[in-house]
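Now for the letters of each chain:
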Amino acid sequence: MSNRWKNGLMLLVVILLVILPLLLVNGEFGGADDAAEGVITEINPDYKPWFKPLIELPGETESMLFALQAAIGAGVIGYTLGLLKGKQGGTKQHSSK
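What counts as what
Residues numbered from 1 in each chain as written. Predicted model: local features only at pLDDT ≥ 70, side-chain atom pairs only at ≥ 80, totals over all residues. Heavy atoms only, no water. 1 Å grid on protein atoms, 1.4 Å probe; cavity = no way out; pocket = protein on both sides within 12 Å on 5 of 7 lines; lining within 4 Å. Points joined across faces, edges and corners; volume = space filled by probe spheres on them. Helix = DSSP H or I, 4+ residues; strand = E, 2+ residues; numbered from the N terminus. Nonpolar A, V, L, I, M, F, W, Y, C, P; charged D, E, K, R; others polar. Expected span 1.5 Å × (residues − 1). Buried < 20%, exposed > 50% of the residue type's maximum accessible area, 1.4 Å probe, protein only.

## Observations concerning the layout of surface pockets
Okay, step 1: When its volume is computed, the largest pocket comes out at roughly 860 Å³.
Okay, step 2: Lining the largest pocket are 23 residues, and of these Asp33, Asp34, Glu37, Pro53 and Glu56 lie nearest its centre.
Okay, step 3: Contributions of two or more residues to the lining of the largest pocket are made by α2 (32–43) and α3 (59–95).
Okay, step 4: Here the lining of the largest pocket is composed, by residue class, of eleven nonpolar, six polar and six charged.

See below:
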């Protein structure tokens, strides 16, 4: 099997992995905060939060900020690993001369 066929097959599998759950799973996509709030209210209906948020953001904005935070974290980790790998490779090159 050529690389072209393998790449096409992998692309098809990835597309199916993205699309099929969205079409076949009938459920609500909620966050952990909402689930925790529901469980706390169920356990203790008189519970009152210790504080309220300073600002209420729409769900889309919260999701965007969470994704941005994850992207920045992945960038920092990737940069650090690349920097360490580059230093490690640089010392091997200099010692082999």
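So that's the structure; there's more coming.
## Looking at the environment of Ala71
Okay, step 1: Note on placement: Ala71 falls in helix α3.
Okay, step 2: Along the sequence, Ala71 and Gln88 sit 17 residues apart, while their C-alpha atoms lie 25 Å from each other.

## A few points about α2
Okay, step 1: Here α2 is twelve residues long and its end C-alpha atoms lie 16 Å apart, about the 16 Å a rise of 1.5 Å per residue gives.
Okay, step 2: The element α2 is largely exposed, with a buried count of zero among its twelve residues.

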